[in-house]
Amino acid sequence: MKALRLMGWKSEPELVEVPKPTPGPGQVVVKIGGAGACHSDLHLMHDFDAGMMPWQLPFTLGHENAGWVEAVGDGVTTVSEGDAVAVYGPWGCGTCERCRLGTENYCENPLGAPVLSGGGGLGMDGGMAEYLLVPFERLLVRLPDGLDPVTAAPLTDAGLTPYHAIRRSWPKMTPTSTVVVIGVGGLGHLAVQLIKATTAARVIAVDNRRAALDLAGAVGADHTLESDASTAGAIRDLTGGRGADVLLDFVGADATIELARSAARSLGDVTIVGIAGGSVPLSFFSQPYEVSIQTTYWGSRPELVELLDLAARGALHIESTTYSLDDAARAYRDLHEGRVRGRAVIVP
Ligand code: NAD
Ligand code: ZN
Ligand code: ZN
């Protein structure tokens with residue numbers, strides 16, 4: 001079968017021929033319906049040096065996957081051939097306390113890196129291929145009626161990651177509060193909708209592309225702002241001088257982290273999700289009192305179940321453009337050049 005593989009660090013992936021996988025005991029082979037192209041893959045291709053991640057190359061890209069069960073190994077009981085499934089992406093050890101609670105994104109005995117746990121498409125073979133070997137059946141969630149794999153694929157990361165970041169700040173997303181979403185791409189356009197669907201907070205969306213702000217408005221943002229030196233002031237103006245209660249940074253550059261903390265209200269949350277590698281100096285006075293600054297990584301398995309249920313009820317519009325596997329390299333180029341609206345999804 002064909003697979004889009006990362007062959008070397010700081011290089012473009014290549015479409016190559018690899019053997020079709022067969023499932024061992026407890027394993028499942030999924031026929032890929034959709035595999036989302038995440039901006040994190042661009043960081044892998046362009047920013048990460050050899051040795052930064054303890055992952056062996058080559059591996060097949062694609063960590064945002066859904067499809068149909070093609071074959072099951074001995075002892076698999078929870079899914080059977082033909083089932084439509086989403087693949088939970090962070091693959092942990094399955095036995096540590098975090099994993100047993102379903103929080104494999106924070107596995108304490110990860111298969112891959114010591115900080116970021118790996119998974120299919122992140123150190124192990126992922127879904128930009130006709131078939132994906134899922135090493136443990138617990139990593140599959142059956143799709144509820146109303147969701148098909150091509151639509152559902154982005155939910156496993158572009159949906160799950162913001163859902164987790166939003167969910168942990170729910171207590172601060174009250175009817176009188178304001179949430180700022182910085183970066184309205186794959187993750188951000190779902191973040192806007194998840195905030196609107198699960199809270200009564202107002203949403204301000206920020207981006208430096210006009211097309212992204214148009215998308216933010218179309219999916220329900222109350223206000224949209226261009227990202228420049230005046231943005232923090234504009235957020236204060238829109239909030240009666242107070243600042244925003246929660247700011248979610250889906251870029252993670254110096255400028256966006258600085259924007260997030262300088263536009264925060266006291267007691268607010270600043271959550272850095274984007275991994276553009278930015279940093280800012282920190283001091284007692286560098287942000288209002290009791291602002292919490294945190295990073296989040298992906299989400300938990302129970303959260304994926306909740307999210308799929310919400311999406312199956314029609315609460316989310318997943319804006320996507322599909323590309324064939326032969327055209328996957330072009331999807332990444334389009335993403336790199338800011339030409340993707342929502343998510344690019346590879347349909348093998
Ligand atoms: P994307 O390319 O689809 O969207 C990024 C958006 O940010 C684009 O609309 C872009 O125009 C906008 N942007 C870029 N620079 C900006 C700036 N200075 N000010 C305002 N807007 C700006 O990317 P994505 O796939 O949604 O991923 C977003 C980020 O999240 C990436 O860094 C990705 O690696 C990271 N990510 C993190 C996790 C996690 O678990 N923490 C999971 C998935 C993705
Ligand atoms: Zn991702
Ligand atoms: Zn674990």
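Just above sits the structure.
Keep in mind that what you see is a predicted model, and the values were worked out from it rather than measured.

A. Broad picture of the sheet that holds strand 2 (residues 14–17). Taken in spatial order, the three strands line up as 2-1-4 in an open sheet, and their pairing is antiparallel. The open sheet has two edge strands with one neighbour each: strand 2 and strand 4 (59–60). Examined bridge by bridge, strand 1 (residues 2–6) and strand 2 share four bridges and lie antiparallel to one another. Within strand 2, the residue paired with Leu 4 across the bridge is Leu 15.

B. A look at the coordination of the zinc ion (ligand 2). Here the zinc ion (ligand 2) is held by Cys 38 (SG), His 63 (NE2) and Asp 157 (OD), and the distances to it run 1.8 to 2.3 Å. Within one chain, the residues donating to the zinc ion (ligand 2) are spaced in sequence as C-x24-H-x93-D. Taken together, the residues His 63 in the loop between strand 4 and strand 5 (65–72) and Asp 157 in the loop between helix 3 (149–152) and helix 4 (160–167) connect sequence positions 94 residues apart. Residue class for His 63 comes out buried when judged on its relative accessible area of 3%.

C. Quick peek at the pairing of strand 17 (residues 320–324). In the sheet, strand 17 pairs with strand 18 (residues 343–347) via five bridges, with the strands oriented parallel. Directly across from Tyr 323, in strand 18, lies its bridge partner Ile 346. As a crossover connection, the stretch from strand 17 through helix 10 (residues 328–336) into strand 18 is right-handed.

D. Quick peek at unusual backbone geometry. Residue Leu 57 is joined to Pro 58 through a cis peptide bond whose omega torsion reads -5°. The residue Pro 58 is located in the loop between helix 1 (39–46) and strand 4 in this model. Backbone geometry places Leu 267, a non-glycine residue, at a positive phi of 70°. Its place among the elements puts Leu 267 in strand 15 (residues 264–272). Positive phi is not limited to glycine here, since Glu 290 has a value of about 60°. Checked against the element boundaries, Glu 290 lands in the loop between strand 15 and strand 16 (292–295).

E. Region of interest: the site of ligand 1. What surrounds ligand 1 is a group of 27 residues, the closest being His 39, Ser 40, Asp 207, Trp 298 and Arg 343. The side chain of Ser 40 places a nitrogen or oxygen atom 2.7 Å from an oxygen atom of ligand 1. At a separation of 2.9 Å, an oxygen atom of ligand 1 approaches a polar backbone atom of Leu 187. When isolated, ligand 1 has an accessible area of 860 Å², and the protein chains bury 89% of it. The cavity that encloses ligand 1 is the largest pocket. Contributing elements (two or more residues each) for the shell around ligand 1: helix 1 and helix 5 (186–198). Considering each element in turn, the shell around ligand 1 owes the most residues, three residues, to helix 1. Looking at the shell around ligand 1 residue by residue, the class counts come to 11 nonpolar, 12 polar and four charged.

F. Just helix 7 (residues 231–238), in detail. Residues of helix 7 that are buried: Thr 231, Ala 232 and Ile 235. Viewed along the axis of helix 7, the buried residues span an arc of 105°, placing them on a single side of the element. Those residues of helix 7 that are buried are in contact with strand 11 (178–182), strand 12 (202–207), strand 13 (223–226), strand 14 (244–249) and helix 8 (254–262). Count one or two residues on from helix 7 and you reach Gly 240, which has phi positive near 60°.

G. Region of the structure containing the nonpolar core. Grouped together as the largest cluster of nonpolar side chains are 82 residues, with contacts concentrated most on Leu 44, Leu 155 and Ile 195. The greatest single-element share of this core, amounting to six residues, is contributed by helix 5. Those residues in contact with Leu 44, other than ones at most four positions away along the chain, are Leu 6, Trp 9, Lys 10, Trp 55, Phe 59, Leu 61, Gly 121 and Leu 122. If you look at the next biggest cluster of nonpolar residues, it comprises 15 residues, including Val 206, Leu 225, Ala 260 and Ala 264.

Scoring rules and cut-offs
- Note on numbering: residues in each chain are counted from 1, in written sequence order.
- To read the labels, note that chains go from A and ligands from 1, taken in the order they are written.
- Residues qualify for local features only when their pLDDT is at least 70, as the model is predicted, and side-chain atom pairs are given and counted only at 80 or more; totals for whole chains, interfaces and linings, by contrast, use all residues.
- No hydrogens and no water enter the side-chain calculation; it runs on all heavy atoms of the structure.
- What makes two strands pair is DSSP finding at least two bridges between them.
- Strands here mean DSSP runs of E at least two residues long; helices mean DSSP runs of H or I at least four residues long; both are numbered from the N terminus.
- Listed donors are limited to N, O and S atoms within 2.8 Å of the metal, widened to 3.2 Å for Na, K and Ca; water is not among them, so incomplete-looking sites are possible.
- Classification of residues uses two cut-offs on accessible area relative to the type maximum, computed with a 1.4 Å probe and protein chains only: under 20% is buried, over 50% is exposed, and between them is partly exposed.
- Look down the strands so they point away from you; if going from the first strand over the helix to the second traces a clockwise path, that crossover is right-handed.
- Definition of nearness: a residue and a molecule or strand are near each other if at least one heavy atom of the residue lies within 4 Å of the molecule or strand.
- A 3.5 Å cut-off defines polar contacts: any pair of N or O atoms within that distance qualifies, except that in protein one atom must be a possible hydrogen donor and the other a possible acceptor, and neighbouring residues in sequence count only when both atoms are side-chain atoms.
- Here, Shrake-Rupley sampling with a 1.4 Å probe gives the accessible areas, and only protein chains in the shown set may cover a residue.
- Of the grid points, spaced at 1 Å and generated over the protein atoms alone, those admitting a 1.4 Å probe that cannot get out make up cavities, while open sets with protein on both sides within 12 Å along at least five of seven lines make up pockets; any residue with an atom within 4 Å of a point is treated as lining.
- If over half the atoms of a molecule are within 2 Å of the grid points of a cavity or pocket, the molecule is regarded as sitting in it.
- Each residue gets one label: Ala, Val, Leu, Ile, Met, Phe, Trp, Tyr, Cys and Pro are nonpolar, Asp, Glu, Lys and Arg are charged, and the others, such as Gly, are polar.
- Arc, as used here, means the arc of the directions from the helix axis to the C-beta atoms.
- Every residue pair with non-hydrogen atoms within 4.5 Å of one another is taken to be in contact.
- The set of buried Ala, Val, Leu, Ile, Met, Phe, Trp, Tyr and Cys residues whose side-chain atoms join them within 4.5 Å is what this entry labels a nonpolar core.

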